[in-house]
Amino acid sequence: MYPPEFEYFAPNSIEEAVEALSNEDAKVLAGGQSLLPLLKSRFAAFGKLVDISRIAGLDYVKVEDEAIRIGPMATIASLESNGDVQRFQPLISEAASQIADPLVRNMGTIGGNVSHSDPANDMPPVMLALNAKFTAISKSGERSIDAEKFFVDSFQTALDHGEILKEIEVPVRRAGQGYSYMKLKKGSADFSVAAVACVLDVSGKTIKRARIALASVSSKAEIANDACRHIEGKEFSESLAEEAGTIAAKNADPQSDSYGSEEYKRRALGMLVKDSIIKAYIRGGGSI
Amino acid sequence: MKKITVKMEVNGKEVEREIDPRMLLATFVRDELKLTGTHIGCDTTNCGACTLLLDGKAVKSCTVLAASASGKKVITIEGISKDGTMHPIQKAFVEKHGLQCGFCTPGMIMTSYWLLGKGKKLSREEIRKYLSGNLCRCTGYQGIVDSVEYAAELMESEKAREKARNR
Amino acid sequence: MLPNMLYMGVVRSTYARAKLIKVSGKDIIDGNELKALRASVGEGAAAASNLDLMEPIFARDMVYYVGQPVAAVFSDDRYSAEDRIADVEVEYEPLKAFNTVKAAMEGEPIHPGTSSNVLRETVVGNAFDDPKADVVVEDELTNERIMPNPIETRGIIADYDGKRLTIYISTQSVHSIKRGICSSLKLNPDDVRVIQADTGGGFGSKGGLYPEYVIAAYAAMKFKRPVKWIETRREHLLATNAGRGVHGRMKLFADKSGKLLALRGEIAVDSGAFGGGMAEFTAPYIAMQVTGPYMIEKASITARSVMTNKPVQGPYRGAGRPEAAFMMERMMDMLADKLKIDPVKLRLLNMSDKPFKSPLGLEIDAAKPFFEKAVQELDYERLKGDKAGIGFFVLVPALAPGETARIRINSGKVDVWLGGNAHGQGHEVFVRKLIREELGIPEELVTLNKGDTDMLQSGIGSWGSRSAIAGGAAVVSAARKLKKEFEAKHGKFSTTELLNGTYDSFVFEKQEGQLNSFGANIATASIDKYGVVKVRECIAYYDLGRMLNPPMVRGQIMGGMAQGIGQTLYEELVHSDDGQLLTASISDAGVPIAENMPEFIVKVAENGSRLPHGAKGLGEAPTIGVPLALCRAIELVSGKRIRSTPVKQEYLSD
């Protein structure tokens, strides 16, 4: 399986990149771990690939002003092992270590993972749970997009044509903030049956704030709003976590496929949500 | 489609070729450079038979454009033996029966080469986790895990010998 | 790569069943031009009993499965060959497809002009009235289809010099490929040479002829250029012979002590869309083996091969053996549960101290002594507390009709060719060892060459757990023939003098009858609330007659055990209702990864066989035994009855 023909351009600056992307049929190539498989199976074709891997300085991780700023070309492997990420926003490393396999993580980038907006990708729910802000740049300048507005649909983000993801900003982990990323796989298969990113602000026994985001159970990654609202401001209990799971499972829209029936996916999602709330609560300092 | 020029260092040698921009790195090393030790097994970035090192990191060369590798350093399975002597990892795979049909072996060895290059001591469970992007259908993996463990020992003692020699 | 080579791409049906209205494209070859039939399906198998049901090389008038070749394109490189595939336009008129045995049994015939989708029906065993039994257990059991999935896919280069066709191919048998190509294209055998390329695993999938080989051969002759085709993984999953795909309904009669009185059953094999070879004989072959190591005086199985809108069924490591054992061992566990007796006790109770021939035709040695030993070797008493499952079986290797070997001595070097071609088993190791033992020749002087029909006049192939037994016996026989020849000429045998001479010895060492051996597995497992199974312990105890090379034996068994776990837990081919394949990557098809495999333990008995070198069959034992033990372990841990493989995570989750 080989890609269809395309023109190739590897700009040296982000300005050159956005210029090239104004071409009607151009597509950004980052680490290629999602895009190239798509091209190889000929599920997609583009007139021009703009390879941004040669633009210097897009793979940074910086911690400043209570935020972590991540360049789109930071590899998944680097986020898995980066000391600052592990310390200041460990949810990202926890999720990174569960993406595909070590070889794919060596090449795959966070920018690619979020921009591809595959409903089964792992970074979109993480970004949602962390309330990430995405900086997009185009010929007409820069704009900031909230994570909740970024993931529009299957394989579709809020990035306009000619726009490119320049930076991802996530707040650093606050005191009392617990997190967890849990992913259910089917045997040796590479996508998930369901996955849950959970961030809780815990004070004493109370869950003050909850952000629970889901992958693989809808046409895009999304926040389980009703489940979050159900537990916010309440005292933690296992049954509360279970109720949240039930709510999230009811609202989700999974499809039956070779990974399982719709019914199983809902059931698994409910259990995952419950388990991830418990894990995040404990990590946030809560006591059972 | 307009051809492009790529230049890279492969196994220590500079190479330059005019290629179709869509050419995958795996095709480039196999067809252009005739380094056929890099194999293609699955087409979907799962099996890892095409694993090689790109700027020091193990990657699946069926999912990298040769164009993107331009200007970088590539090491393939052909590049790890020295003066006709097998690399300790290769010796370990032979001795510990880390292969049967041999098709996945170049990828297994290149992942191990990257992994053991980190110099970290690894448990069998960790080795298995690191090999999760490399499929083998013959061995059930046990011989491969044995081989990687043994290769780590061989490399350790080789290092120790070198140290003693330099003293 | 050969100079001036063409790369072939295959345009495949996108429908499971449809009228083929029109194929249009530039410079294509399709069924209007090449009207040949696929001469055989599977390991050098016989032709179909009904020629009308043979698979055409290219679909004509109708397509019968997603992935069926419709046309072929050719180009100077593999990238543009794929572009050309996309340029070919095919018009279809979709028809209702029948993708399961059940649908095919109930639905209209998939082939026009036939009266049913039953390709073949046989009753195996003896006729009897249902006995008066204290207990009867009856159930339905299934092994879903799975793919062989060697990491190297299939591939071929066909090269024609104006007179002779030379084929380079990844295969388990150059002889089977040659027979197939000659028969499909009606070529004179002298005009075809088949040479084995390095072969990266086969597991059954590379034993026989496929349409792509015939197309490549035809195109090489037509274009007078070498033609290369390498299968993509997707093509493998879509169109290569799938294995398993067997359903059974079994009824087991016993008295209250657990003594088996009779077995009655039905087996239906999902044959895929066409006849020919494997698909036709799998069903009665499975039926013959069902009673396994047990003494049952009355047994009768109705065996059906049923055509569906899927690629033809073919051999996958085990090829009927795992299915037969699965049927019997699942029933034995159910009976043990019903009688509330220990499953091991029940099994031993029904074994004999003497050889036994089952009413289905299976010949076994005295089973009881081996399995009593197995219970100890597998540490059953200890592992029972961990809800261990056990499985007992008989391995029926494909010993007949024998195998060929050639030993040539020239300039102090020994060259060997075997009728079956190695693809990862390390045949060279036993060949060297046996020649050293027979002729005293140092192993480093002996080379086992890859398959080449010009160097060995005939041969069978490497499959069915037969290489070390049938191939090994042929090597011994060829060596002894050499020795006799030497002694006739020179008197007393001398290795040194033998090596100084020039000798060439070919044998076809004929084998008849069965050479069955016993095996047993044990496994323990844990299951979480999501239904994810972790295999804890996985131990094998097999009778190998005599181990010709212990490390390779261990390696091959462990690899087979991983495949056994794969079949039990992960591997499947899932189709949508309209026949589209949903599991279209090697990972979705469930090939196991290192992380999910346990540390295997392999134990061996060496009760020598009647063959001159004492070996017994090996290759398929673990794919038979592991699913038996693991299914039972899962059943005990989950409390849920296991009736089919793969055991779905979904089924086991809370």
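Residues numbered from 1 in each chain as written. Chains lettered and ligands numbered in written order. Predicted model: local features only at pLDDT ≥ 70, side-chain atom pairs only at ≥ 80, totals over all residues. Heavy atoms only, no water.

So, on to the nonpolar core. It is characteristic of soluble globular proteins that their nonpolar side chains tend to be buried jointly. Judged by nonpolar contacts, the single largest core of 135 residues is most densely connected at V290, F371 and I565 of chain C. No other element matches the 11 residues that helix α7 (residues 321-339) of chain C contributes to this core. Filtering out sequence-adjacent residues up to four positions away, V290 of chain C remains in contact with M250, L263, I267, I301, A324, M328 and L360 of chain C. Counting residues in each nonpolar core, the second largest holds 78 residues, with A129, F236 and I278 of chain A together with Y530 of chain C among its members. (Core = buried A, V, L, I, M, F, W, Y, C linked by side-chain atoms within 4.5 Å. Buried < 20%, exposed > 50% of the residue type's maximum accessible area, 1.4 Å probe, protein only. Helix = DSSP H or I, 4+ residues; strand = E, 2+ residues; numbered from the N terminus. Contact = heavy atoms within 4.5 Å.)

Before going further, it helps to examine the packing of helix α11 (residues 238-251) of chain A against helix α12 (residues 262-283) of chain A. Residues and elements named next belong to chain A. Across the interface, α11 lies against α12 with an axial gap of 7 Å and an inter-helix angle of 140 degrees. Seen from above, α11 lies across α12 with right-handed handedness. In this structure, α11 contributes E238, A241, E242, A244, G245, A248, A249 and K250 to the contact, and α12 contributes R266, L269, G270, V273, K274, I277 and I278. For the contact of α11 with α12, the residue count by class is eight nonpolar, two polar and five charged. (Axes fitted to C-alpha atoms, helices over the stretch in contact; angles between N-to-C directions. Left-handed = near helix turned anticlockwise from the far one by under 90°. Nonpolar A, V, L, I, M, F, W, Y, C, P; charged D, E, K, R; others polar.)

Okay, empty space enclosed by the protein next. Residues and elements named next belong to chain C. Taken as a whole, this structure holds five cavities of 30 Å³ or more when the rule is applied. Along the walls of the largest cavity sit 39 residues, with Q425, H427, S467, Q556 and G619 positioned nearest its centre. When residues of the lining of the largest cavity are traced back to their parent elements, those giving at least two are α11 (427-439), α12 (467-490) and α14 (550-570). Counted by class, the lining of the largest cavity contains 15 nonpolar, 18 polar and six charged residues. Approximately 100 Å³ is the volume attributed to the second largest cavity. Contributing to the lining of the second largest cavity are 15 residues, with L237, L238, K310, P311 and H575 lying nearest its centre. By residue class, the composition of the lining of the second largest cavity is nine nonpolar, four polar and two charged. In this structure, the lining of the second largest cavity is formed jointly by two domains, domain 1 (6-97 + 147-239) and domain 2 (246-396 + 514-652), each of which donates at least three residues. (1 Å grid on protein atoms, 1.4 Å probe; cavity = no way out; pocket = protein on both sides within 12 Å on 5 of 7 lines; lining within 4 Å. Points joined across faces, edges and corners; volume = space filled by probe spheres on them. Domains from an automatic or database assignment.)

Glancing now at the interface of chain C and chain B. Often, the extent of an interface is quoted as the loss of accessible area on bringing the components together. Listed by partner, the interface residues are 42 residues for chain C and 31 residues for chain B. When chain C packs against chain B, the two sides together hide about 3000 Å² of surface, and 55% of this comes from carbon and sulfur. The tally of links from chain C across to chain B stands at five salt bridges. A salt bridge links E571 of chain C to R137 of chain B; the shortest N-O distance between them is 2.7 Å. (Buried area = accessible area lost by both parts, 1.4 Å probe. Salt bridge = Lys/Arg side-chain N within 4 Å of Asp/Glu carboxyl O.)

Take the domain arrangement of chain B next. Residues and elements named next belong to chain B. By the assigned domains, chain B splits into domain 1 (4-79) and domain 2 (88-166). Here the C-alpha centroids of domain 1 and domain 2 sit 22 Å apart. The interface is formed by 18 residues belonging to domain 1 together with 13 residues belonging to domain 2. Between domain 1 and domain 2 the total buried area reaches about 1200 Å² when both faces are included, carbon and sulfur atoms providing 67% of it. In this structure, the connection of domain 1 to domain 2 is made through five residue pairs in polar contact (both at pLDDT 80 or more). When residues of the side of domain 1 that touches domain 2 are traced back to their parent elements, those giving at least two are β3 (51-54) and β4 (57-60). (Polar contact = N/O pair within 3.5 Å; in protein donor to acceptor, adjacent residues only side chain to side chain.)

Turning our eyes to something else, we now look at helix α1 (residues 14-21) of chain A. Residue and element names in this part refer to chain A. Buried residues of α1: I14, A17, V18, A20 and L21, and no others. Down the axis of α1, the sector holding all buried residues measures 160 degrees, keeping them to one side. At its buried positions, α1 is contacted by β1 (7-9), β2 (26-29), β3 (48-51), β6 (133-138) and β10 (164-171). (Arc of directions from axis to C-beta.)

All names here are of chain C. Here we have seven strands laid out as an open sheet, ordered β3-β5-β1-β12-β9-β10-β11, and mixed in their pairing. Every other strand in the sheet has two partners, leaving β3 (29-30) and β11 (192-196) as the edge strands with one partner each. Here strand β9 (residues 155-160) pairs with strand β10 (residues 165-169) via five bridges, running antiparallel. Among the inter-strand pairings, A158 is bridged to a residue of β10, identified as I167. In the packing of helix α3 (residues 174-185) onto the sheet, contacts are made with β10 and β11, and the angle to β11 comes to roughly 150 degrees. Along the sheet face, helix α4 (residues 211-223) touches β1 (6-12), β3, β5 (69-75), β9, β10 and β12 (227-230) and points at about 25 degrees away from the line of β9. (Pairing = 2+ DSSP bridges.)

Moving on, we get to unusual backbone geometry. Residue and element names in this part refer to chain C. Here the bond from A400 into P401 is cis, since omega is 0 degrees, no more than 30 degrees from zero. Among the structural elements, P401 can be located in the loop between β18 (389-395) and β19 (402-410). In this structure, the amide linkage connecting T645 to the following residue, P646, adopts the cis form with an omega of -5 degrees. Structurally, P646 can be placed in the loop between β26 (644-645) and α16 (649-652). A positive phi angle, close to 40 degrees, is found at A319, a residue other than glycine. Residue A319 is classed as buried on the basis of its relative accessible area of 9%.

Residue and element names in this part refer to chain C. Within strand β15 (residues 298-307), nine of the 10 residues are buried, which leaves it mostly tucked inside the rest of the structure. The pairing of strand β7 (residues 118-125) with β15 spans seven bridges and is antiparallel. Considered in β15, the bridge of T122 is made with A303. Judged from the 10 bridges that link them, strand β14 (residues 260-272) and β15 form a sheet pairing that is parallel. By the bridge assignment, G272 is partnered in β15 with M307.

All names here are of chain C. What the domain assignment reports for chain C is domain 1 (6-97 + 147-239), domain 2 (246-396 + 514-652) and domain 3 (402-510). One C-alpha centre belongs to domain 2, the other to domain 3; they are set 34 Å apart. Interface area, domain 2 with domain 3, both sides summed: about 1200 Å², of which 63% is carbon and sulfur. Where domain 2 packs against domain 3, one counts one salt bridge. Across the pair E437 and R546 runs a salt bridge whose closest N-O atoms are separated by 2.4 Å. The interface formed by domain 2 and domain 3 holds four residue pairs in polar contact (both at pLDDT 80 or more) in total.

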